[in-house]
Amino acid sequence: MKKNLNQLKLQGIMQINNENYRSIWLDSSCGNMNDQAVKIIDQTLLPHRFEIRRLSTLQEMVTAIMTMQVRGAPLIGAAAAYGVALAMQEDASNIHLDYTAKTLLASRPTAVNLRWAVQRMLSHLQALPPEQRVATAWAEAALICNEDVALNQAIAQRGLTLLQALSARHQNRTSTNTLNILTHCNAGWLATVDWGTALAPIYAAFEAGITLHVWVDETRPRNQGASLTAWELRQHGIAHTVITDNAGGHLMQLGQVDMVIVGADRVTKNGDVCNKIGTYLKALAAFDNHIPFYVAAPSPSIDWNITHGHEIEIEARSEDEVAYITGRLADGTLASVNVLPTGSRAANPAFDITPARLVTGIITERGVCAPSDLATLFPEN
Ligand code: MRU
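A. The sheet that holds strand β16 (residues 351–354), seen in detail. Taken together, the four strands give an open sheet; going across it, the order is β13-β10-β11-β16, and neighbouring strands pair in mixed fashion. Sheet topology places β13 (302–303) and β16 at the edges, where each strand pairs with a single neighbour. As paired elements, strand β11 (residues 273–276) and β16 share four bridges and run antiparallel to each other. Residue pairing in the sheet places Lys276 in a bridge with Phe351 of β16. In this fold helix α10 (residues 279–288) packs onto β11 and β16, with an angle of close to 30° to the strand it touches most, β16.

This is the structure we're talking about:
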């Protein structure tokens with residue numbers, strides 16, 4: 001049975017096998033403030049295995065971020081905040097606080113949410129004596145998580161208004177009432193604490209009764225689209241089809257894509273968008289085919305310190321992610337196979353920049369705006 005947005009705001013949108021989850025949460029079995037742990041869903045095993053990991057040290061959190069057991073810009077911000085809290089219960093000294101910040105900042109460089117969360121934690125903790133840091137760190141990390149959910153719910157609401165308008169226009173122009181939306185990578189609830197960014201308006205539209213279908217780019221090399229977005233949409237019962245990364249332009253030429261919505265790892269002051277590698281090519285194809293290209297981004301994903309996308313450090317990941325593909329064998333075991341000839345090298349830039357001129361609009365918690373109007377929407381920056 002479909003639920004209205006207010007019901008969903010109370011219970012959350014993330015449902016796995018009909019149970020409500022968040023993608024990161026405090027382990028409720030710990031009673032003592034100095035002996036807490038955090039739980040995450042291990043995203044490297046999805047969609048084949050659903051396993052929860054318990055992280056009780058800074059190092060375990062850093063490893064989870066670097067190996068992408070947790071990933072997605074807002075989620076790695078929340079994970080970094082909990083990483084600071086875990087570090088403070090190990091050692092709340094100034095030296096360890098400094099080491100913690102440096103270690104977390106180096107774990108994944110591109111998504112600005114991680115830096116935003118670490119800086120926010122530092123600004124609260126540096127002013128306190130060490131004995132007060134643990135409690136404050138846990139409270140602030142929990143606040144960051146709750147705020148992330150609220151920001152994404154607001155994006156769902158803003159995006160719903162946009163999808164309702166596009167759906168109405170689409171129904172007037174065509175014989176079908178299905179709105180076909182293309183998305184890249186995973187910007188759903190798994191990439192955030194709950195709701196997601198690019199998928200949040202899709203969930204809201206589905207619950208509001210809009211008939212939609214999602215084209216899911218597989219998103220090589222790690223296949224976050226095929227493994228995570230498709231799995232999320234299935235959990236939710238939303239019609240979707242996984243396509244190879246090269247199929248989107250062709251489908252656009254055939255009139256089978258009505259709009260594109262992607263997430264962002266960082267949006268610059270002028271509205272350039274850094275997102276998963278391949279996003280730029282989708283934006284070019286959408287532009288050439290006059291298809292609206294929207295980016296859903298909460299305010300912690302906006303970097304007000306830089307103006308142009310080329311200033312962003314693009315994470316270079318291991319060649320192995322290109323060489324190996326992981327999947328499930330017929331007997332159910334997980335396996336990795338190498339698809340490269342022996343001796344061939346691979347390059348693996350993880351993100352690219354979509355220039356603001358290719359972006360139709362940015363869906364933020366405050367509203368939908370043209371990239372050039374971002375500063376008007378957030379005048380305090
Ligand atoms: O490398 P990943 O899986 O962390 O990359 C994730 C993305 O590129 C998402 O599109 C982006 O973080 C937006 S998440 C709401």
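There is more to say, and it comes next.
B. Here's a closer look at the site of the ligand. In the vicinity of the ligand there are 19 residues, among which Arg108, Gln224, Asp265, Asn275 and Lys276 approach most closely. The contact in question runs from an oxygen atom of the ligand to an N or O atom on the side chain of Arg71, over 2.9 Å. One nitrogen or oxygen atom from the side chain of Arg108 is found 2.8 Å from an oxygen atom belonging to the ligand. Across the complex, the protein chains shield 99% of the 420 Å² of accessible surface that the ligand would expose by itself. A molecule is said to occupy a pocket when more than half its atoms come within 2 Å of that pocket's grid points, and by this definition the ligand occupies the largest cavity. Going through the elements one at a time, α3 (73–90) and β11 are the ones with two or more residues in the shell around the ligand.

C. How the structure looks around the packing of aromatic side chains. Taken as a whole, this structure holds six aromatic pairs when the rule is applied. Ring centres 5.3 Å apart and planes at 75° place the aromatic pair Tyr21 and Phe50 in the edge-to-face group. Residue Tyr21 is located in the loop between β2 (19–20) and β3 (24–26), and its partner Phe50 is located in the loop between β4 (38–41) and β5 (52–55); the two are separated by 29 residues in the primary sequence. Taking relative accessible area as the criterion, Tyr21 reaches 17% and is therefore assigned buried. Looking at Phe50, the relative accessible area reads 29%, which means it is partly exposed. Taken together, the ring pairs in this structure connect Tyr21, Trp25, Phe50, Trp189 and Trp231 into an aromatic cluster. Sitting over the face of the ring of Phe351, Lys276 holds its NZ or CZ atom 4.2 Å from the ring centroid.

D. Quick look at the pairing of β4. Pairing geometry for β3 and β4, over three bridges, is antiparallel. Within the sheet, the bridge partner assigned to Leu26 lies in β4 and is Val38. In this structure, β4 lies alongside β5, joined through four bridges in antiparallel fashion. Bridging across to β5, Lys39 finds its partner in Arg54.

Procedures and definitions
- For every chain, the first residue of the written sequence is number 1, and numbering continues from 1 onward in sequence order.
- Selection of residues for local features in this predicted model requires a pLDDT of at least 70, selection of side-chain atom pairs for listing and counting requires 80 or more, and totals for whole chains, interfaces and linings are taken over all residues.
- The side-chain figures draw on all heavy atoms in the structure; neither hydrogens nor water molecules are used.
- Criterion used throughout: strands pair if DSSP finds at least two bridges between them.
- Secondary structure is summarised from DSSP: a helix means a run of H or I of at least four residues, a strand means a run of E of at least two, and numbering begins at the N terminus for each.
- Contacts between residues were defined by any pair of non-hydrogen atoms, one from each residue, lying within 4.5 Å.
- Only C-alpha atoms enter the line fits that serve as axes; for helices the fit covers just the stretch in contact. Angles between N-to-C directions range over 0 to 180 degrees.
- The rule for a residue being near a molecule or strand is that one of its heavy atoms must lie within 4 Å of it.
- Counted as a polar contact is a pair of N or O atoms within 3.5 Å, where, for protein atoms, one must be capable of donating a hydrogen and the other of accepting one, and residues adjacent in sequence contribute only when both atoms are in side chains.
- Residue-level accessible areas treat just the shown protein chains as cover; the underlying method is Shrake-Rupley with a 1.4 Å probe.
- Here the term cavity refers to a set of points on a 1 Å grid, laid over the protein atoms alone, in which a 1.4 Å probe fits but cannot get out; the term pocket refers to an open set having protein on both sides within 12 Å along at least five of seven lines, with lining residues being those that place an atom within 4 Å of a point.
- A molecule is counted as occupying a cavity or pocket when more than half of its atoms fall within 2 Å of that pocket's grid points.
- Between 30 and 60 degrees the pair is tilted, below 30 it is stacked and above 60 it is edge-to-face, where a pair is any two Phe, Tyr or Trp rings, Trp via its six-membered ring, whose centres lie within 6.5 Å.
- Relative accessible area decides the class of each residue, using a 1.4 Å probe on protein chains only: under 20% of the type maximum gives buried, over 50% gives exposed, and in between gives partly exposed.
- Here, over-ring charges are defined by two tests on the NZ atom of lysine or the CZ atom of arginine: distance to the ring centre within 6 Å, and angle to the ring normal within 35 degrees.

Just geometry here; none of it tells us what the structure is for.
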